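Geometric and topological summary
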Amino acid sequence: MRSGNRKEPDLTDEGAYEHVRALSRRGMLRLSAGAGAALAVPAAVPAAVAPPAAADGATGIVKPLPPELFIPHGTNAEMRWDAMRGQGLLTPADRFFVRNHVATPLIDARTWRLKLWGTGLHGSPAEDRPREFSYGDLLRLPAETITAFIECTGNARGFYASQQGQQVSGTPWKLGAVGVARWRGVRLSTVLRLAGLTREAVDILPRGLDADYVDKGENLGRVRRPLPVAKAMKDVLLAYEMNGAPLPPDHGYPVRLVVPSWTGIASIKWLGDVQVAAEPLFSPWNTRFYRLFGPGYPAEGSPPLTRMNVKSAFELPWEAPLPSGPQVLRGRSWSGTGRIRRTEVSVDGGATWRRARLLDRPDPRGWTRWEFPWRPHASGRHELLARATDETGTSQPFNAPYNTLGYLFGAVVRLALIHISEPTRP
Ligand SMILES: Nc1nc2c(c(=O)[nH]1)N[C@H]1C(S)=C(S)[C@@H](COP(=O)(O)O)O[C@H]1N2
Ligand SMILES: [Mo]
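Worth saying up front: this structure is predicted, and the values here are computed from it rather than measured.

Here the focus is the overall build of the protein chain. Looking only at helices and strands, one finds 6 helices and 23 strands in the protein chain. When burial is assessed residue by residue, the protein chain has 56% of its 426 residues classed as buried. Contacts in the protein chain between residues far apart in sequence, at least 24 positions, make up 74% of those at least 6 positions apart. Surface exposure of the protein chain reaches about 17,500 Å², of which carbon and sulfur atoms provide 53%.

Take the packing of aromatic side chains next. Scanning the entire structure with this criterion turns up 16 aromatic pairs. The interplanar angle of 85° and the centroid separation of 5.3 Å between the aromatic rings of F314 and W370 together place this pair among those described as edge-to-face. Placement of the pair is F314 in strand β15 (residues 311-314) and W370 in strand β21 (residues 367-374), with a sequence separation of 56 residues. Accessibility expressed as a relative area gives 7% for F314, which makes it buried. Owing to a relative accessible area of 0%, W370 belongs among the buried residues under this scheme. A network of ring pairs unites the aromatic residues F96, F97, W173 and W183 as a single cluster.

Turning next to the site of ligand 1. Taken together, 19 residues lie around ligand 1, and F97, H101, D210, R256 and K269 are the ones closest in. Taking H251, its side chain carries an N or O atom lying 2.7 Å from an oxygen atom of ligand 1. Here an oxygen atom of ligand 1 and a side-chain polar atom of R256 are 2.7 Å apart. Notes on ligand 1: free accessible area 530 Å², of which the protein chains cover 100%. Looking at the shell around ligand 1 residue by residue, the classes come out as 9 nonpolar, 6 polar and 4 charged.

Turning next to the sheet that holds strand β16 (residues 321-322). Note: strands within a sheet are paired through backbone hydrogen bonds, in either parallel or antiparallel orientation. Reading across from one edge, β16-β23-β22-β18-β19 is the order of the 5 strands in this open sheet, with mixed pairing throughout. At either end of the open sheet lies a strand with only one pairing partner, and these are β16 and β19 (354-355). Sheet topology note: the strand β22 (residues 380-390)/strand β23 (residues 415-419) ladder contains 5 bridges and is antiparallel. Residue pairing in the sheet places E383 in a bridge with A416 of β23.

Pairing within the open sheet is antiparallel, and its 4 strands lie in the order β15-β17-β21-β20. Every other strand in the sheet has two partners, leaving β15 and β20 (357-358) as the edge strands with one partner each. Two strands pair when backbone bridges link them, and β15 and strand β17 (residues 327-334) are joined in this way by 4 bridges, in the antiparallel orientation. Residue pairing across strands places S312 opposite S333, the latter belonging to β17.

Structurally, S134 can be placed in strand β4 (residues 131-134). Leave out the neighbours within four places in its chain, and S134 touches W112 and R113.

Let's shift gears to the nonpolar core. Core analysis: the largest hydrophobic core is formed by 105 residues, its most contacted members being L116 and W183. Lining this core are residues from two domains, each supplying at least three of them: domain 1 (70-304) and domain 2 (311-419). Sequence-distant contacts of L116, defined by excluding residues within four places in its chain, comprise L121, P125, P130, R131, F133, V191, L192, A195, V274 and V276.

Moving on to the pattern of salt bridges. Counted according to the given criterion, the structure contains 20 salt bridges. D215 is the partner of K216 in a salt bridge, and the nearest nitrogen-oxygen pair spans 3.7 Å. Taking relative accessible area as the criterion, K216 reaches 79% and is therefore assigned exposed. Residue R288 pairs with E218 through a salt bridge whose shortest N-O separation is 3.1 Å. Placement of the pair is R288 in the loop between α6 (284-287) and β15 and E218 in strand β9 (residues 218-219), with a sequence separation of 70 residues. Taking relative accessible area as the criterion, R288 reaches 34% and is therefore assigned partly exposed. Taking the relative accessible area as the measure of exposure, E218 reaches 36% and is therefore partly exposed.

For β17, the buried fraction is high: 6 of the 8 residues fall into the buried class. Looking at chain direction, β17 and β21 are connected through 8 bridges and run antiparallel. Across the sheet, residue R332 finds its bridge partner in β21, namely R369.

On to unusual backbone geometry. In this model, Y253 is joined to P254 through a cis peptide bond whose omega is 10°. Topologically, P254 is positioned in the loop between β12 (245-246) and β13 (256-258). Although it is not a glycine, K216 sits at a positive phi angle of roughly 45°. Its place among the elements puts K216 in the loop between β8 (214-215) and β9. The backbone of Y290 shows a phi angle near 60°, a positive value even though the residue is not glycine.

Low-confidence regions, as indicated by low pLDDT, have predicted coordinates that should not be scrutinised in detail. Summary statistics for the protein chain give a mean pLDDT of 89 and a share of 86% for residues scoring 70 or more. A low-confidence stretch, residues 23-43 stays under pLDDT 50, and its non-local contacts, those more than four residues away or across chains, total 53 contacts.

Conventions adopted
- Residues numbered from 1 in each chain as written.
- Chains lettered and ligands numbered in written order.
- Predicted model: local features only at pLDDT ≥ 70, side-chain atom pairs only at ≥ 80, totals over all residues.
- Heavy atoms only, no water.
- Helix = DSSP H or I, 4+ residues; strand = E, 2+ residues; numbered from the N terminus.
- Buried < 20%, exposed > 50% of the residue type's maximum accessible area, 1.4 Å probe, protein only.
- Contact = heavy atoms within 4.5 Å.
- Areas by Shrake-Rupley, 256 points an atom, 1.4 Å probe, with all protein chains shown as cover.
- Phe/Tyr/Trp six-rings, centres within 6.5 Å; stacked < 30°, edge-to-face > 60°.
- Near = heavy atom within 4 Å.
- Polar contact = N/O pair within 3.5 Å; in protein donor to acceptor, adjacent residues only side chain to side chain.
- Nonpolar A, V, L, I, M, F, W, Y, C, P; charged D, E, K, R; others polar.
- Pairing = 2+ DSSP bridges.
- Core = buried A, V, L, I, M, F, W, Y, C linked by side-chain atoms within 4.5 Å.
- Domains from an automatic or database assignment.
- Salt bridge = Lys/Arg side-chain N within 4 Å of Asp/Glu carboxyl O.
- pLDDT = per-residue confidence, 0-100.

And the structure:
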């Protein structure tokens, strides 16, 4: 999807995002105000899309989580990176990470409605009298397919402790809270226009249909996170398909947002309603979470986080002996701030670096596969590192700046492997 609006500010950084949120957006969007009427035509919903079995009692996740594909983290599960070996560009749905605040809800697409309401729509429809779209309505609107990563803002958080000796709170993910899929759906801009978006609208607040999230005894309500109208109109998708099939229950069935390049929390799953407002909106997910807190940040934290940072991962297990003999190391690099320009690999703990060969034409919203031929010449411990640089010149540092919630760990990750070059002798 391309931006059709040249006046739109570039929301590349947090400052711009905050700026947009704070200002009135009068005149910034040259939208023809929509007719205001949502589609009223009823449509049949394909029977094949009825969700299957219930969620697992312990994890709240519906799909199987075989240990060879996933590392469990309570209600979340991360992909093992060796599960991407031999895979194509996309992460198959069976191994795509799951990040759930609460259990996966099972939703019937036949009765589901997307509801839009608020002061940013013509006639300011109230929450209890919203503009509605059925699943069938969305299927009949012009479809668009994009390949994009979804990555948790806390991906790689575990390395704050294991590499930097810093205690942070939150799920100690390794590098597997990221996946790339082909998403098909309707542009959010199309639906916002049909719902009667006004020029005064500044923020939208998409909200999930999963149960209320209770944080240390405090009920924070349903998962919802404000998104500036500028981003909503630019390249956000209301996705109903993942890799050519209806969204699986764990990934947002029947409809989720896909907000390319931005933090995973923006891509609200099981979307139920969207508040559209002529004034800035707030929720715990853009005030107390998903900002940087700690030394060097104001008490209220940094501006809300938007784009993800540059990362790289080897398609290798975290703990396993390395096979002997000449081999090709493979991996992937991605960035929320632009196309990957190069990836370098070090097999000696960071002392020397050589370029990996990029295998894909870099796509700013996806990831780029790479390979690196290697012939280990000594047995023992090897420390493998990969670092990427994107088109903005941003590269992966050796140290990730500390923040108490452990977001945006973008430093080079050290992968220690034991290599046995000779068959073991008694
Ligand atoms: N409704 C709802 N949407 C949600 C979440 C959630 O718990 N509930 N988790 C968010 C977070 S933090 C992330 S990282 C992504 C994860 O998407 P996935 O589970 O499909 O990988 O979904 C986001 N959307
Ligand atoms: Mo996340």
